[in-house]
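In case you want the letters, here they are:
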Amino acid sequence: MTELSVPELSLVVLIGSTGSGKSTFARRHFPHTAIVSSDACRGIVSDDENDQSATPEAFALLHHIAGIRLRRGLRTVIDATNVQPRARQELVAVARAHDVLPVAIVLDVPDSVCLERNSLRPDRSHLAAHVVHRQQRELRRGLRGLEREGFRKVYVLRGVEEIDGATLVDEKAWNDKRELTGPFDVIGDVHGCRAELETLLGELGYAVERDAAGRAVGARHPHGRTAVFVGDLVDRGPDTPGVLRLAMGMVGAGTALCVTGNHENKLVRALTGKKVKVAHGLAESLNQLEAEDEDFRKAALDFCRGLLSHYVLDGGNLVVAHAGLKEEYQGRASGRVRAFAMYGETTGETDEYGFPVRYPWAQDYRGRATVLYGHTPMTELRWVNNTLCLDTGVVFGGRLTALRYPEREPVSVPAEQVWYEPTRPLAPAEATEAVAHRDPGVLDLDDVIGRRVVHTRSHGRIGVQEENAGAALEVMSRFAIDPRWLVYLPPTMSPCATSSLDGYLEHPAEAFAYYRGEGVDRVVCEEKHMGSRAVVLVTRSAAAARDRFGVEDDGTGAIYTRTGRPFFDDPAVTESLLARIRAAAEVAGLFEELRSEWLLLDAELLPWSAKAIGLLRSQYAAVGAAANAALVGAEAVFSAVAARGHDVTELAERTAGRRADAAAFTAAYGRYCWTTDGLAGLRLAPFQLLATEGVNHATRDHAWHLAVIDRLVAADSDLFTPTRRMVVDLADPDGEAIATAWWTELTTAGGEGMVVKPLDSLVRSRSVDRPGADAPGERGPDADGTGPAPDASGPGSAATRGESTRLVQPGVKCRGPEYLRIVYGPEYLREPNLRRLRTRGLGRKRSMALREYALGLEALDRFVAGEPLWRVHEAVFAVLALESEPVDPRL
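How each quantity is defined
Residues numbered from 1 in each chain as written. Predicted model: local features only at pLDDT ≥ 70, side-chain atom pairs only at ≥ 80, totals over all residues. Heavy atoms only, no water. Helix = DSSP H or I, 4+ residues; strand = E, 2+ residues; numbered from the N terminus. Buried < 20%, exposed > 50% of the residue type's maximum accessible area, 1.4 Å probe, protein only. Contact = heavy atoms within 4.5 Å. Areas by Shrake-Rupley, 256 points an atom, 1.4 Å probe, with all protein chains shown as cover. Pairing = 2+ DSSP bridges. Core = buried A, V, L, I, M, F, W, Y, C linked by side-chain atoms within 4.5 Å. Axes fitted to C-alpha atoms, helices over the stretch in contact; angles between N-to-C directions. Left-handed = near helix turned anticlockwise from the far one by under 90°. Nonpolar A, V, L, I, M, F, W, Y, C, P; charged D, E, K, R; others polar. Salt bridge = Lys/Arg side-chain N within 4 Å of Asp/Glu carboxyl O. Phe/Tyr/Trp six-rings, centres within 6.5 Å; stacked < 30°, edge-to-face > 60°. Parallel < 35°, antiparallel > 145°, perpendicular 65-115°, else oblique. Polar contact = N/O pair within 3.5 Å; in protein donor to acceptor, adjacent residues only side chain to side chain. pLDDT = per-residue confidence, 0-100.

Visitor: Please clarify how the overall build of the chain should be interpreted in this entry.
Guide: Helices and strands together make up the secondary structure of the chain, namely 28 helices and 33 strands. Relative to its 891 residues, the chain shows a buried fraction of 53%. At a minimum sequence separation of 6, the contacts of the chain that also span at least 24 residues come to 74%. As presented, the chain carries roughly 38,500 Å² of accessible surface, and 51% of it is formed by carbon and sulfur atoms.

See the structure below:
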């Protein structure tokens, strides 16, 4: 039995004459979707798989399909004769263009077998024997040269028996270490600085192991952490052999990994007798190695020669390469990939010191994996689009730096001295190495145009339509705050199902029924404040704003609306309010307790008139004034007509009722308006502490949030308004009755109503049939056609336990009858109007609420994890885009 080891990502080229059994072999060993057949392509372009005149077009299609699959990281199998060198060369070129390994599998069977099989196929029975003989001659002539043609693996199966007995084994790429999840300590360029390396390992918690001569020959972390060297262990420094001895021991013991650097590559060429220019510290390494014994020199050569270009670690979330690696090269294998990993990319220019100008690939990086690298010494660490250069120039008198992963915590030790004078000054962290590029942190036009799909942890794939993206782009580009503050946008909220009770459009009974039907045990009813939604991002100091958010204009935070616009036109008012919030947080001890230099709050800012005064004057006040003027005049007319003896009682009563409704309308919005002067009269009602450094609190239960908010209220009761609440056990009818009575009391006294939420956050349904989830006519599909992925919550989720993965609404609002006059008009409670409004549909609103909620959580997750700002903005932008969907704004 012959075992064929085939790389998981490769282009497999089957080679064999017509009738050799290639198609049968392919179907037996590979998924049908992976097979690209020349006959099938010929049929696609001509409707006849045997039409040889269509061969050029058929192979053009075959190469195109193969290219698409390889670009997407899928192994592809070419089912064609491929007996001619030119046909094979074109396929090798396709593999190289996509940086994958080409593999040849040759099926060499006797001519008689091919002839017999063709004779049994109606579509091949007419094939002349000389065609088969010619293909067989061409196949055998090319067997010895397949490796020279560029095939990295060649398998020749001779005879039917050997072909039938062959088995296939998937072979992982050498650089694919996705199964290693760390934690890791990724160490920057060492350059022969052994003493500093030992010191750094000690700082990282490793115990250095020594041989009888006292030399460091290994190191091990007590908690099983793994060191990863980014290359350039050698050259320039005082002890290249000592660094190699230590690194080799760690790699050999499995406590470290190492990728090659350009200096290791050059050292290997020098040690193997290749012609190289002895410069940039190579002479020091050669002299130091000369003092070592032959066994060590051979071991060092074998070690450096065996180093890989890069590693893909932690399920694909971490990539380590010496000079970095673009997304399309990660996990690939070719000379081009290796060259990029060692040297990076250049613009073709040289700087004033004679060095090549490096192209800033990291500024264009949009990959999901964190890329850690070295190669270009910097004075300071600076994250750029989820990439970080760890070379801080220890050999030049700088520091030796490591990054703890996944903690993203840098650890550095200073150089003992300047070991090698740099030819050019070390680049500052903010320096760019080529032409100016867009700000690498923020969303770019290419990231948002067209239809987009955002992957969320809690709700799977969420689509953004092209037309909605255009509207969102207009808002973000023209009206939004400084994008460095814009890390979250709050979701919309759906009302409860429509009530059938007389005189009510919304009622708590419907909210309780919804959550009970979804299997929720306890809910919290929170007083709903009538103001304007405000997201508050406050830093502890201007230094925190600069260090964490990159804002250096003396601002200490931002207060913005749910569409990302500044809440106040005057920055001074914003800073004054932030100072009050900061002071309250200090008094409450939140910065210290949560170990964060910033807080992100979701709140309501009162009064409504503070932000909506223009809307009030142009729409609500105008309606009330016009109604009052018209109806008072009408009443006067009816009174005069009645005085003349005419019976207009019905008309007069109807008009009086309408004037009462108009007066109620004016009173309804008037309750939420009062005069403010600067901060005087402003009230802030926070209801969630969304995030702090490294932690997304939005998934914590609401009892925790409200307890934190109570501390802020206690610290500054003149500014902060408490949120009254009541916890309800949905198995207790008396508890529901008490909450309903409380809601009635709130709304009768002029309150807007309440929001009903599951006590826990991020709740998934425990009901299959969803009884009571929607009132008739209120169901509706997701507007974008996307929804939760089967594994939306990852391992251990409800999906893996066989339960529902459907998200439950994070909250539903239940508004009072008088407040709804503002929304639906003065006379909405009249029975004909109420009957019509009860047919309102909530499906789209509920879908939008869930999608925006998931996107908000995703933005927070990405931000607190330290992902680049463009990744955060991808989710934030999607929330804004969804707001452009056609949904009734009154809901």
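Once you've had a look at it, read on.
Visitor: Help me out: how do you make sense of the pairing of strand E27 (residues 557–560) in this one?
Guide: Sheet faces and side chains relate simply in a regular strand, where the side chains alternate between the two faces. Of the two faces of E27, the one holding Gly557 and Ile559 and the one holding Ala558 and Tyr560 are both buried throughout. Strand direction decides the pairing type here: strand E26 (residues 532–539) and E27, joined by 4 bridges, are antiparallel. In the sheet register, valine 535 faces E27, and the bridge partner there is tyrosine 560.

Visitor: Can you help me understand the nonpolar core in this one?
Guide: Counting residues in hydrophobic clusters, the biggest one holds 43 residues, and the most contacted among them are Trp485, Val487, Tyr488, Tyr560, Trp598, Leu600 and Leu855. The leading source of residues in this core is helix H28 (residues 869–882), at 10 residues. Counting 41 residues, the second largest nonpolar core, distinct from the first, contains Leu201, Leu204, Cys258 and Val411.

Visitor: Looking at this structure, I do not really get the sheet that holds strand E33 (residues 812–815). What am I missing?
Guide: Taken in spatial order, the 5 strands line up as E24-E33-E32-E25-E31 in an open sheet, and their pairing is mixed. Edge positions in the sheet fall to strand E24 (494–495) and strand E31 (725–729), since each of these pairs with one other strand and no more. Direction of pairing for strand E32 (residues 753–758) relative to E33: antiparallel, over a ladder of 4 bridges. For valine 756, the partnering residue across the bridge sits in E33 and is valine 812.

Visitor: Just checking my understanding: could you explain the packing of helix H9 (residues 240–253) against helix H12 (residues 294–305) for this structure?
Guide: Geometry of a packed helix pair, given as the angle between the helix axes and the separation of the axes. H12 packs onto H9 with a crossing angle of 65 degrees between their chain directions and a minimal axis gap of 11 Å. Regarding H9 and H12, the two cross each other, and that crossing is left-handed. Contacts between H9 and H12 pair Pro241, Leu244, Arg245, Met248 and Val251 from the former with Phe296, Ala299, Ala300, Phe303 and Cys304 from the latter. Here the contact of H9 with H12 is built from residues that sort into 9 nonpolar, no polar and 1 charged.

Visitor: I keep staring at the pattern of salt bridges and nothing clicks. Help me out?
Guide: Two side chains that carry opposite charge are able to pair once their charged atoms sit near each other. A complete count under the given rule lists 57 salt bridges for this structure. Its salt-bridge partner being aspartate 482, residue arginine 484 comes within 2.8 Å of it at the nearest N-O pair. When its relative accessible area of 30% is taken as the criterion, arginine 484 is described as partly exposed. Given the relative accessible area of 25%, aspartate 482 is considered partly exposed. Arginine 548 is paired through a salt bridge with glutamate 693; the nearest N and O atoms lie 2.8 Å apart. Remark: glutamate 693 occurs in the loop between strand E29 (683–692) and strand E30 (695–696) and arginine 548 occurs in helix H18 (residues 542–549); sequence separation between them is 145 residues.

Visitor: Could you clarify how one ought to interpret the pairing of E31 in this entry?
Guide: What you see with E31 is a clean split: Met726 and Val728 sit on the buried side and Arg725, Val727 and Asp729 on the side with no burial. Sheet analysis places strand E25 (residues 522–528) next to E31, joined by 5 bridges and oriented antiparallel. Bridge pairing in E31 links glutamate 526 to arginine 725.

Visitor: Please clarify how the packing of aromatic side chains should be interpreted in this entry.
Guide: Note on aromatic pairs: each is described by the distance of the centres and the angle between the planes. Within this structure, the stated rule accounts for 13 aromatic pairs. Considering the side-chain rings of tryptophan 598 and phenylalanine 863, the 5.4 Å spacing of their centres and the 70 degrees angle between planes classify their relative orientation as edge-to-face. Pair noted here: tryptophan 598 is in strand E28 (residues 598–606) and phenylalanine 863 is in helix H27 (residues 843–864), with a separation of 265 residues, a long-range link. Across the pair, exposure class does not vary: tryptophan 598 and phenylalanine 863 are buried alike. Through pairs of rings, three or more aromatic residues link up here, namely Tyr329, Phe340, Trp361, Tyr365 and Tyr373.

Visitor: Is there a simple way to think about unusual backbone geometry in this case?
Guide: Most peptide bonds are trans, and most residues other than glycine sit at a negative phi. Going from glycine 182 to proline 183, the amide bond is cis rather than trans, its omega being 5 degrees. Looking at the secondary structure, you find proline 183 in the loop between strand E8 (176–177) and strand E9 (184–187). That bond from tyrosine 405 to proline 406 is cis: its omega, 15 degrees, falls within 30 degrees of zero. Mapped onto the elements of the fold, proline 406 is located in the loop between strand E20 (399–405) and strand E21 (409–414). Although it is not a glycine, histidine 191 adopts a positive phi angle of roughly 50 degrees. A positive phi angle, close to 50 degrees, is found at asparagine 385, a residue other than glycine. In this structure, asparagine 385 sits in the loop between strand E18 (370–373) and strand E19 (387–389).

Visitor: Is there a simple way to think about the sheet that holds E9 in this case?
Guide: By definition, the strands of a sheet pair up through backbone hydrogen bonds, in either a parallel or an antiparallel sense. The sheet built from 5 strands is open, its strands ordered E13-E12-E9-E20-E21 with mixed pairing. Each edge of the open sheet is held by one strand with a lone partner, namely strand E13 (256–258) and E21. Between one strand and the next, the sheet's axes are offset by a mean angle of 20 degrees, whatever the strand orientation. For E9 and strand E12 (residues 226–229), the ladder comprises 4 bridges, and the chain directions are parallel. Directly across from isoleucine 187, in E12, lies its bridge partner phenylalanine 229. Against the sheet, helix H8 (residues 194–203) touches E9, E12, E20 and E21, its axis set at about 140 degrees to E21.

Visitor: Just checking my understanding: could you explain the packing of H27 against H28 for this structure?
Guide: The N-to-C vectors of H27 and H28 enclose an angle of 160 degrees; their axes lie 8 Å apart at closest approach. Between H27 and H28, the interaxial angle falls into the category roughly antiparallel. Here H27 runs over H28; the crossing is left-handed. For the pair H27 and H28, contact is made by Met848, Arg851, Glu852, Leu855, Gly856, Glu858, Ala859, Arg862 and Phe863 and by Arg871, Val872, Glu874, Ala875, Val876, Ala878, Val879 and Leu882, respectively. For the contact of H27 with H28, the class distribution of residues is 10 nonpolar, 1 polar and 6 charged.

Visitor: It is not clear to me how the side chain of aspartate 716 should be interpreted in this structure. Could you clarify?
Guide: Within the fold, aspartate 716 resides in the loop between helix H23 (702–715) and E31. By relative accessible area, which is 12% here, aspartate 716 ends up buried. There is a polar contact of 2.8 Å between the side chain of aspartate 716 and the side chain of arginine 580. Filtering out sequence-adjacent residues up to four positions away, aspartate 716 remains in contact with Arg580 and Ala584.

Visitor: Could you clarify how one ought to interpret the confidence of the model for the chain in this entry?
Guide: When pLDDT is low, close inspection of the predicted coordinates is not appropriate. Of the residues in the chain, 89% have a pLDDT of 70 or more, and the chain-wide mean is 86. Predicted confidence is poor over residues 769–804, with pLDDT under 50, and the contacts of this stretch with residues over four places away or in other chains come to 70 contacts.

Visitor: Please explain the environment of lysine 172 as it appears in this structure.
Guide: Secondary-structure assignment places lysine 172 in the loop between strand E7 (167–171) and E8. For lysine 172, a relative accessible area of 35% translates into the label partly exposed. When the C-alpha atoms of lysine 172 and serine 5 are compared, they prove to be 9.4 Å apart, with 167 residues separating the residues in sequence. Not counting chain neighbours up to four residues away, the residues in contact with lysine 172 comprise Glu8 and Glu179. Polar side-chain contacts of lysine 172 include one of 3.2 Å to the backbone oxygen of aspartate 176. A polar contact of 2.5 Å, which involves the side chain of lysine 172, links it to the side chain of glutamate 179.

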